[in-house]
Amino acid sequence: LIVLCICIPERECFRASTPDISAACLFAVSSFDEDDYRVVKDHCNDIHFYIVNNGTVTQYLKDAELLPNVTVETRENNGWDLGAWKHGLNKFRNELSRYTHVILANNSCIYTNTWREWLAMSMDYDLYGHLNYDKHSKNKDNFTLMSWFVIVSQKLFNHKLFKKWFDDLKPDSRQYCI
């Protein structure tokens, strides 16, 4: 697993010790279960969760709605993670733009103890995430940004090209690269 960190030039970096760091998570789920509930419950005091549910409304999802800092949006299941994020960005853009960092995650990321650590490590970067390298590819530079956990700085999140990329996205296609 390779960590991708990108900095936009002339960026004033955040530090893990900065007291005014705030984070929101656009959390794409297809069937909100006990593990998803545990992640949200363990982090909802530090991170505001905007859950985009792409499937059945489960009891765990109903219970999550009662937690502090949790907003749930249920929609038709199409477009995979990018489709859920696009839907969430369209619905919650104003709210999300107020946070210093926005986490784009899906429910295959159930590592409850590492979210705060990853958030702290991302403070000096505008885009932070994990890359997968396909060693069988003919292309030596065949890296894929994994959609299960990506952290975006406020500067990048509010940039017009970031917004345009998601606006132009056709979420029913897997041909998009971040």
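Our subject is the structure that appears above.
To keep things clear, this report deals only with the structure shown in the data block. (Residues numbered from 1 in each chain as written. Predicted model: local features only at pLDDT ≥ 70, side-chain atom pairs only at ≥ 80, totals over all residues. Heavy atoms only, no water.)

**Brief notes about the overall build of the chain**
Now for step 1: The secondary structure content of the chain amounts to 6 helices and 7 strands.
Now for step 2: Mapped in sequence order, the helices and strands of the chain form the string β-β-α-β-α-β-α-β-α-β-β-α-α.
Now for step 3: Burial statistics for the chain: of 178 residues in total, 43% are counted as buried.
Now for step 4: Contacts in the chain between residues far apart in sequence, at least 24 positions, make up 67% of those at least 6 positions apart.
Now for step 5: For the chain, the accessible area works out to roughly 9900 Å², and carbon and sulfur atoms hold 49% of it. (Helix = DSSP H or I, 4+ residues; strand = E, 2+ residues; numbered from the N terminus. Buried < 20%, exposed > 50% of the residue type's maximum accessible area, 1.4 Å probe, protein only. Contact = heavy atoms within 4.5 Å. Areas by Shrake-Rupley, 256 points an atom, 1.4 Å probe, with all protein chains shown as cover.)

**Some words on the packing of aromatic side chains**
Within a pair of aromatic rings, the relevant descriptors are the distance that separates the centres and the angle that separates the planes.
Now for step 1: Tallying each qualifying case throughout the model produces 6 aromatic pairs.
Now for step 2: Between Phe27 and Phe49, the aromatic rings sit 5.9 Å apart at their centres with planes inclined by 75 degrees, giving edge-to-face as the arrangement. Of the two residues, Phe27 sits in strand E2 (residues 23-29) while Phe49 sits in strand E3 (residues 47-53), which places them 22 residues apart along the sequence. Side by side, Phe27 and Phe49 carry an identical accessibility label, which is buried.
Now for step 3: Judged by centre distance (5.8 Å) and plane angle (50 degrees), the rings of Phe157 and Phe162 are tilted.
Now for step 4: For Phe157, a relative accessible area of 1% gives the class buried.
Now for step 5: Here Phe162 falls in the buried class, since its relative accessible area comes to 13%. (Phe/Tyr/Trp six-rings, centres within 6.5 Å; stacked < 30°, edge-to-face > 60°.)

**Considerations on the packing of helix H3 (residues 80-96) against helix H6 (residues 160-168)**
Now for step 1: With their axes 10 Å apart at the nearest point, H3 and H6 run at an angle of 120 degrees to one another. Taken together, the axes of H3 and H6 lie oblique to each other. Here the hand of the crossing between H3 and H6 comes out left-handed. Listed contacts from H6 to Leu82, Trp85, Lys86, Leu89, Asn90 and Arg93 of H3 are Lys163, Trp165, Phe166 and Asp167.
Now for step 2: Along the lines of polarity and charge, the residues of the contact of H3 with H6 split into 5 nonpolar, 1 polar and 4 charged. (Axes fitted to C-alpha atoms, helices over the stretch in contact; angles between N-to-C directions. Parallel < 35°, antiparallel > 145°, perpendicular 65-115°, else oblique. Left-handed = near helix turned anticlockwise from the far one by under 90°. Nonpolar A, V, L, I, M, F, W, Y, C, P; charged D, E, K, R; others polar.)

**Brief notes about the pairing of E3**
Where a strand is regular, its side chains alternate between the two sheet faces.
Now for step 1: Within E3, 7 of the 7 residues are buried, leaving the element largely enclosed by the surrounding structure.
Now for step 2: Residues of E3 alternate between two faces, with Ile47, Phe49, Ile51 and Asn53 on one and His48, Tyr50 and Val52 on the opposite face, all of them buried.
Now for step 3: In this structure, E2 lies alongside E3, joined through 7 bridges in parallel fashion. Considered in E3, the bridge of Ala24 is made with His48.
Now for step 4: On the question of chirality, the crossover connecting E2 to the parallel E3 by way of helix H1 (residues 34-43) is right-handed.
Now for step 5: Relative to strand E4 (residues 70-74), E3 runs parallel, the two being bridged by 5 bridges. Paired with Phe49 across the two strands is Val70, which belongs to E4.
Now for step 6: The parallel pair E3 and E4, bridged by helix H2 (residues 59-65), forms a crossover whose chirality is right-handed. (Pairing = 2+ DSSP bridges. Right-handed = clockwise from strand over helix to strand, strands pointing away.)

**Here we look at the pattern of salt bridges**
Now for step 1: In total, this model carries 4 salt bridges according to the counting rule given.
Now for step 2: Ionic pairing is found between Lys91 and Glu73, a salt bridge with its closest N-O pair at 3.8 Å. Within this pair, whereas Lys91 is found in helix H3, its partner Glu73 is found in strand E4, the two being separated by 18 residues in sequence.
Now for step 3: Overall, the relative accessible area of 46% leaves Lys91 in the partly exposed class.
Now for step 4: Look at Glu73 and you get buried, because its relative accessible area is 16%. (Salt bridge = Lys/Arg side-chain N within 4 Å of Asp/Glu carboxyl O.)

Geometry only, nothing functional implied.
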